[in-house]
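Breakdown of the fold
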Amino acid sequence: MNIFEKINEVMKRIEYLTKDDKVEFGTTKYKAISEEKVTTAVRKELVNLGIVIAPIEQTMNVTELIRTDKTVNQRADVNVKYRVQNIENAEDFIVVSSSGSGVDTQDKAIGKAVTYAYKYMLLRTFAIPTGEDPDK
């Protein structure tokens with residue numbers, strides 16, 4: 001199978017993932033899907049089908065946000081390019097781009113942004129619905 005056939009096979013095998021997490025801050029509350037759930041489901045099929053995904057390029061911007069109560073948050077914005085590689089043929093791959101943002105009061109903003117970018121790259125590359133339209 002070529003890389004597109006393998007991606008299609010992942011799409012057949014993972015038809016839907018339900019949200020398993022709740023996010024709450026201030027008055028904002030919503031359901032989310034954890035990176036762990038997405039990665040666990042997709043990883044199994046990547047291994048079975050012989051697909052490897054690796055970041056090949058990343059740009060990032062980190063800024064400090066000072067709130068009115070004088071606390072400092074870091075915000076990180078990342079853009080990552082991933083190589084989605086067919087392990088049976090070194091010439092058979094695609095490059096997928098994804099972005100993510102993260103905010104943290106300590107040193108976790110970059111990690112949050114990278115995790116977000118990876119999770120959504122998996123969800124979009126393999127067209128995995130999660131049950132809620134973010135455009136609504």
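Worth saying up front: this structure is predicted, and the values here are computed from it rather than measured. (Residues numbered from 1 in each chain as written. Predicted model: local features only at pLDDT ≥ 70, side-chain atom pairs only at ≥ 80, totals over all residues. Heavy atoms only, no water.)

Details of the environment of valine 84
This is how it is decided: Working definition: helices are DSSP H or I runs of at least four residues, strands are E runs of at least two. Numbering for both runs from the N terminus. When accessible area is computed with a 1.4 Å probe and restricted to protein chains, residues below 20% of their type maximum are described as buried, those above 50% as exposed, and intermediate ones as partly exposed. For this analysis, residues touch if any pair of their heavy atoms sits within 4.5 Å.
Looking at the secondary structure, you find valine 84 in strand β4 (residues 72–86). Look at valine 84 and you get buried, because its relative accessible area is 0%. Other than its neighbours up to four places away in sequence, valine 84 contacts Ile3, Ile7, Ile51, Val52, Ile53, Asp92, Phe93, Ile94 and Val96.

Examining a negative patch on the surface
Threshold: Without a salt bridge and with relative accessible area above 30%, a residue can belong to a patch; like charges are then joined within 9 Å and nonpolar side chains (Val, Leu, Ile, Met, Phe, Trp, Tyr) within 5 Å. Every accessible area reported is derived by Shrake-Rupley at a probe size of 1.4 Å, with residue values counting cover from the shown protein chains alone. Any Lys or Arg side-chain nitrogen found within 4 Å of a carboxyl oxygen on Asp or Glu counts as a salt bridge. The positive count covers Lys and Arg only, the negative count covers Asp and Glu only, and His and the chain ends enter neither. Think of each charge as sitting on NZ of Lys, CZ of Arg, CG of Asp or CD of Glu.
The grouping of Asp20, Asp21, Glu35 and Glu36 at the surface amounts to a negative patch. Turning to its location among the elements, aspartate 20 is positioned in the loop between α1 (3–13) and β1 (21–25). Given a relative accessible area of 41%, aspartate 20 falls into the partly exposed group.

Re the nonpolar core
Rules: Nonpolar cores were defined as sets of buried Ala, Val, Leu, Ile, Met, Phe, Trp, Tyr and Cys residues, with membership established by side-chain atoms within 4.5 Å.
If you look at the biggest cluster of nonpolar residues, it comprises 27 residues, and the most contacted ones within it are Val42, Ile51, Ile53, Val84 and Phe126. Elements with a minimum of two residues in this core: α1, α2 (35–49), β3 (51–66), β4, β5 (93–104) and α3 (109–125). It is α3 that provides the largest number of residues to this core, a total of 6 residues.

Regarding the packing of aromatic side chains
Put simply, the rule reads: Aromatic pairs are defined between Phe, Tyr and Trp rings, using the six-membered ring for Trp, whenever the two ring centres lie within 6.5 Å; interplanar angles under 30 degrees are classed as stacked, those over 60 as edge-to-face, and all others as tilted. By the criterion adopted, a ring carries a charge over it if an Arg CZ or a Lys NZ lies within 6 Å of its centre and within 35 degrees of its normal.
Following the criterion strictly, the structure yields 2 aromatic pairs and no others. Considering the side-chain rings of tyrosine 116 and tyrosine 120, the 4.6 Å spacing of their centres and the 40° angle between planes classify their relative orientation as tilted. Of this pair, tyrosine 116 and tyrosine 120 are both found in helix α3, 4 residues apart, which corresponds to roughly one turn of the helix. A relative accessible area of 39% places tyrosine 116 in the partly exposed class. Above the face of the phenylalanine 93 ring, arginine 83 is positioned so that its terminal group lies 3.5 Å from the ring centre.

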